[in-house]
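# Geometric and topological summary
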Amino acid sequence: NLHPKGICISKNQYTCATVEREVGRIDISIKDKISKHAIIIENKINYAGDMPRQIPRYWIDLENDGYCVDGVVYLVLTGNKQPDVSSWSKEDRDRMLPKVLPICA
């Protein structure tokens, strides 16, 4: 189980997981079609900027497909880059930001 920032990911929810790359514009998604849990990996190691509401759009797309998003790995090459939340609604920030985990590659 992963518990940084209050994120709780149980490996029991991913026993039948599949990994998809560049499906629905999500860089990498880990989804279990049985438990309906998902993890988003947003790759920013090439220093790309965020599109408006990028993470919320991906999150909502997965929810619309019936998934519970357990967390977002925001992968950066170096430093302490955080997602650009300037276009996010207050609801987006309150609900999603606690489950976004910036990680330096």
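Residues numbered from 1 in each chain as written. Predicted model: local features only at pLDDT ≥ 70, side-chain atom pairs only at ≥ 80, totals over all residues. Heavy atoms only, no water.

Another point: the nonpolar core. If you look at the biggest cluster of nonpolar residues, it comprises 15 residues, and the most contacted ones within it are I40, I55, L62, V72 and V100. Contributions of two or more residues to this core are made by strand 3 (37-44), helix 1 (54-64) and strand 4 (68-76). Counting residues in each nonpolar core, the second largest holds seven residues, with I7, I39, I41 and V73 among its members. (Core = buried A, V, L, I, M, F, W, Y, C linked by side-chain atoms within 4.5 Å. Buried < 20%, exposed > 50% of the residue type's maximum accessible area, 1.4 Å probe, protein only. Helix = DSSP H or I, 4+ residues; strand = E, 2+ residues; numbered from the N terminus.)

Next up on the list: the environment of I9. Positionally, I9 belongs in the segment before strand 1 (17-23). Assessed through its relative accessible area of 14%, I9 is described here as buried. In sequence terms I9 and I39 are 30 residues apart; their C-alpha atoms lie 8.9 Å from each other.

So, about unusual backbone geometry. Residues other than glycine predominantly adopt negative phi, and peptide bonds predominantly adopt the trans conformation. Of note, the phi angle at E22 is positive, near 55°, even though the residue is not glycine. Its place among the elements puts E22 in strand 1. In this model, Y47 sits at a positive phi of 65°, which is unusual for a non-glycine residue. Its place among the elements puts Y47 in the loop between strand 3 and helix 1.

This paragraph deals with the layout of surface pockets. When its volume is computed, the largest pocket comes out at roughly 180 Å³. In terms of lining residues, the largest pocket is bounded by 13 residues, among which R25, D27, E42, Q54 and Y58 are the most central. Considering only residue class, the lining of the largest pocket consists of three nonpolar, four polar and six charged. (1 Å grid on protein atoms, 1.4 Å probe; cavity = no way out; pocket = protein on both sides within 12 Å on 5 of 7 lines; lining within 4 Å. Points joined across faces, edges and corners; volume = space filled by probe spheres on them. Nonpolar A, V, L, I, M, F, W, Y, C, P; charged D, E, K, R; others polar.)

Moving on, we come to the side chain of S29. The residue S29 is located in strand 2 (residues 26-32) in this model. Residues contacting S29, with those up to four places away along its chain left out, are T18, V19, E20 and I39. (Contact = heavy atoms within 4.5 Å.)

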